[in-house]
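# Residue-level structural notes
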Amino acid sequence: MEAVLYICHGSRIKEASDQAISFIKRCMENEEFPIQEYSFLELSEPTIEQAFFQCIKKGATVIHVIPVLLLTAAHAKIDIPEVLGKLSEEYPEIEIRYGRPIGVHKKMIEIVVEKIKKSSLLDKKDLLVLLVGRGSSDPEVKQDLGDIAALVEAQLPGISVKDCYLTAAEPSFIEGIEYANSSSYQNILVIPYLLFTGILMKSMKKTIKELADSDKIYELAPYLGYHPFIADILNERLKEVAKEDVYVSIKH
C-alpha cells in the first residue's frame, strides 16, 4: 500500500505550526493515496520518525516523501535524507521515494507578482521590491531566489526586484534596507519569502522600524502563506515521485 508523508520545517511559534497542519490537511484531500501523514523536521511534532511509523502502522509498503520547503538547501539535500536513510535501515522492507522541494516554479513567480499587485505602492513609478529569503550557506538558495527575483522583475516592467537574506547569505536584509535607503527609490515594498508567520517576521518589522529612512515609504507585505498554488506544486511533486522521479535516492 502506498502512503504520502509531508515534511514541513517546524516552528517554535504554535500559530506557524498550526498553519502548516491546516494547509497539509487540505493537500491530503487527494484521495489517490489512502495513507497520508504530516510531520516536522524540527521544533514541532509529529516528528518525521513518528509520522513514518504511523504510515507503516496503517499498512504502507511504499512511502512517498514530500518536503514542504520553499528552496533547495541543506534541509532538503542533507537533513531530511539523513533521517530517511536511518529509517530505511530500520525498515528495509519499506520503499522510500523522496521528492523535490518547491524550488523555482512559475506558480511561485505568480504568487510574488500577486503580492506586488496587492500593494498600496503598486501605482508608484519608483518602486523597489526587496524579496527577503530565510537564507542559507548553500549557494543554491541564493541562486534560486535570485532567479525568482529576476523572473518577477521581468513580468513587471519599471519595478526593480532585489533579493536579500535574513541569515547566512548576502546581501543581508540589513544591507537590503541600506541599499534602499541610499537608492533613488522612494517606495520600498518588502516581501518576506516565507511560508508562515514566526520569529523572522517579528525581526523584519523591528529592522524596518529601526533602519528605514523616514523620508521614504516602506511597506512590509504579508508572508507568502500556504497559497493554493503551493498545493498545486506539491501535487506536481507527488506525481513526479509516484513515477519514481526521485530527488535523492534513499538506500538502506
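Everything below is about the structure shown above.
In short, a report on the structure. What you see is a predicted model, and the numbers here were worked out from it, not measured in a lab.

What follows is about the sheet that holds strand S3 (residues 62–67). Reading across from one edge, S2-S1-S3-S4 is the order of the four strands in this open sheet, with parallel pairing throughout. With one partner strand each, in any of the chains shown, strand S2 (35–40) and strand S4 (95–98) form the two edges of the open sheet. Each neighbouring strand pair of the sheet contributes to a mean axis angle of 20 degrees, computed without reference to strand direction. Note that strand S1 (residues 2–8) and S3 share six bridges and pair parallel. Looking at S3, one finds that leucine 5 is bridged to valine 65. Those strands touched by helix H2 (residues 48–57) are S1, S2, S3 and S4, and its axis lies near 170 degrees from that of S2.

In this chain, glutamate 45 is followed by proline 46 through a cis amide linkage whose omega measures 10 degrees. By secondary structure assignment, the location of proline 46 is in the loop between S2 and H2. In the segment running from glutamate 170 into proline 171, the intervening peptide bond is cis, with an omega of -5 degrees. Positive phi, normally seen in glycine, also occurs at leucine 43, with a value near 70 degrees. Along the chain, leucine 43 turns up in the loop between S2 and H2. Classification of leucine 43 as partly exposed rests on a relative accessible area of 44%. We note that alanine 168 has phi near 60 degrees; this positive angle belongs to a residue other than glycine. When you line up the elements, alanine 168 lands in the loop between strand S6 (160–165) and helix H6 (173–182). Taking the relative accessible area as the measure of exposure, alanine 168 reaches 55% and is therefore exposed.

As a further point, take the sheet that holds strand S8 (residues 217–220). Spatially, the four strands line up as an open sheet ordered S6-S5-S7-S8, and their pairing is parallel. Each edge of the open sheet is held by one strand with a lone partner, namely S6 and S8. If you compare each strand with its neighbour and ignore which way they point, the axes differ by 20 degrees on average. Relative to the sheet, helix H5 (residues 139–155) contacts strand S5 (127–133) and S6, its axis offset from that of S6 by approximately 160 degrees. Across the sheet, H6 lies against S5, S6, strand S7 (187–192) and S8, angled at about 175 degrees from S5, the strand it touches most.

The next subject is the nonpolar core. Counting residues in each nonpolar core, the largest one holds 53 residues, and the members touching the most others are Ile116 and Tyr193. Excluding anything up to four places from it in sequence, isoleucine 116 contacts Leu122, Leu127, Val129, Val152, Leu156, Ile159, Leu189 and Ile191. Within the second largest apolar cluster, 23 residues are counted, among which are Ala3, Ala60, Val83 and Ile94.

So, how was this worked out
Residues numbered from 1 in each chain as written. Predicted model: local features only at pLDDT ≥ 70, side-chain atom pairs only at ≥ 80, totals over all residues. Heavy atoms only, no water. Pairing = 2+ DSSP bridges. Helix = DSSP H or I, 4+ residues; strand = E, 2+ residues; numbered from the N terminus. Axes fitted to C-alpha atoms, helices over the stretch in contact; angles between N-to-C directions. Contact = heavy atoms within 4.5 Å. Buried < 20%, exposed > 50% of the residue type's maximum accessible area, 1.4 Å probe, protein only. Core = buried A, V, L, I, M, F, W, Y, C linked by side-chain atoms within 4.5 Å.

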